[in-house]
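Now for the letters of each chain:
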Amino acid sequence: MFIIFVGKCFFMARPKNLRKIENPPPVKGFHPTGADSAEQLVIINLEEYESIRLCDFLSLSQEEAALKMGVSRPTLTRIYSIARKKVAEAFVTGIGIVFEGGKVYFDSDWYKCIRCSSLFNNFLHSESPHCSLCGSLEIRSYSDSI
Ligand SMILES: [Zn+2]
């Protein structure tokens, strides 16, 4: 429980609920080609990324996307609106995008290969997961890199 001070009033704010993510972004972000400055970035958190993946890439309705993420439809609409605003800001102003942070959990174990940087899912819950692309055992949990 957090207490927020606004003027002379005190509000008790609930911590944000965790949102379910099926697939993490395959890259850490995007850099614009020909941009003057590569230092400016807009941060899209993982629940915002997931809302774009579900609504725009998979063409799900907002109701379907909300169910998949375990949030209400109004919450999904708010997350999705913020995400689209950030993408528009990056496109129009020519700044990069970074995928980072968010109050999320994954529906299964995701790993990143240290050797080849590929992402893979341990959907069989193997005791010794290895990279499905290069076979390396040098991996780390994707959740640790958020
Ligand atoms: Zn690999």
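Residue numbers run consecutively from 1 along every chain, following the written order of its sequence. Whole-chain, interface and lining totals are the exception, using all residues; otherwise, since this is a predicted model, local features are given only for residues with pLDDT of at least 70 and side-chain atom pairs are given and counted only at 80 or more. The side-chain values count all of the structure's non-hydrogen atoms but skip hydrogen atoms and water molecules.

Participant: I would appreciate a short explanation of the coordination of the zinc ion in the present structure.
Facilitator: Around a metal, the perfect tetrahedron of four donors has angles of 109.5 degrees, and the perfect octahedron of six donors has angles of 90 or 180 degrees. Only C113 (SG), C116 (SG), C131 (SG) and C134 (SG) from the protein coordinate the zinc ion, and they sit 2.2 to 2.3 Å from it. For the zinc ion, the four donor atoms are set out with angles of 104 to 120° between them, so the coordination reads as tetrahedral. Mapping the donors of the zinc ion onto the primary sequence gives the spacing C-x2-C-x14-C-x2-C. With C113 in strand β8 (residues 110–113) and C131 in the loop between β9 (119–121) and β10 (139–141), this residue pair connects regions lying 18 residues apart in the sequence. Donor criterion used throughout: N, O or S atom within 2.8 Å of the metal, extended to 3.2 Å for Na, K and Ca. Water excluded; incomplete-looking sites may result. Every geometry call rests on angle ranges, with four donors termed tetrahedral when all angles are between 85 and 135 degrees, four termed square planar and six termed octahedral when opposite donors are over 155 degrees apart and all others are between 65 and 115, and everything else termed irregular. Numbering of helices and strands starts at the N terminus; helices are DSSP runs of H or I of at least 4 residues and strands are runs of E of at least 2.

Participant: What should I look at first to understand the pattern of salt bridges in this one?
Facilitator: Side chains bearing opposite charge may pair, as long as their charged atoms lie close to each other. Salt bridges are identified by distance alone: a Lys or Arg side-chain nitrogen within 4 Å of an Asp or Glu carboxyl oxygen. Under the counting rule described, the total for this entry stands at seven salt bridges. We note a salt bridge from E48 to K86, for which the minimum N-O separation is 2.9 Å. Residue E48 is found in helix α1 (residues 46–57), and its partner K86 is found in helix α3 (residues 73–93); the two are separated by 38 residues along the sequence. Accessibility assignment for this pair places E48 and K86 in one class, buried. For the salt bridge of D56 with R84, the shortest nitrogen-to-oxygen distance reads 3.4 Å. In this pair, D56 sits in helix α1 while R84 sits in helix α3, placing the two residues 28 residues apart along the sequence. Judged by relative accessible area, which is 35%, D56 ranks as partly exposed. Linked by salt bridges that have partners in common, E22, E50, R53 and K68 make up one network. Think of it in three bands: residues with accessible area under 20% of the maximum for their type are buried, residues over 50% are exposed, and the middle band is partly exposed, with areas taken using a 1.4 Å probe on protein chains only.

Participant: Sorry, what's going on with the side chain of R53 here?
Facilitator: Structurally, R53 can be placed in helix α1. Assessed through its relative accessible area of 10%, R53 is described here as buried. Under this definition, polar contacts are N or O atom pairs within 3.5 Å; protein pairs additionally need one hydrogen-donor-capable and one acceptor-capable atom, and for neighbouring residues in sequence, both atoms have to be side-chain atoms. Side chain to side chain, R53 and E22 meet in a polar contact 3.2 Å long. Ignoring anything within four residues of it in the chain, the contact list for R53 reads E22, N23 and L58. It only takes one pair of heavy atoms within 4.5 Å for two residues to be counted as in contact.

Participant: Hey, could you run me through the layout of surface pockets in this one?
Facilitator: Any empty space left between atoms is shown by rolling a water-sized probe over those atoms. Only protein atoms enter the 1 Å grid, on which a cavity is a set of points fitting a 1.4 Å probe that cannot get out and a pocket is an open set with protein on both sides within 12 Å along at least 5 of 7 lines, lining residues being those with an atom within 4 Å of a point. Grid points are joined across faces, edges and corners, and a volume is the space filled by probe spheres set on the points. By volume, the largest pocket is sized at about 300 Å³. Considering the residues around the largest pocket, the lining is formed by 16 residues, among which F30, V87, F91, I97 and F99 are closest to the centre. Of all the secondary structure elements, the ones that give two or more residues to the lining of the largest pocket are α1, α3 and β6 (96–99). Taken together, the residues that form the lining of the largest pocket break down as 13 nonpolar, three polar and no charged. Under the scheme applied here, ten amino acids are nonpolar (Ala, Val, Leu, Ile, Met, Phe, Trp, Tyr, Cys and Pro), four are charged (Asp, Glu, Lys and Arg), and all others, including Gly, are polar.

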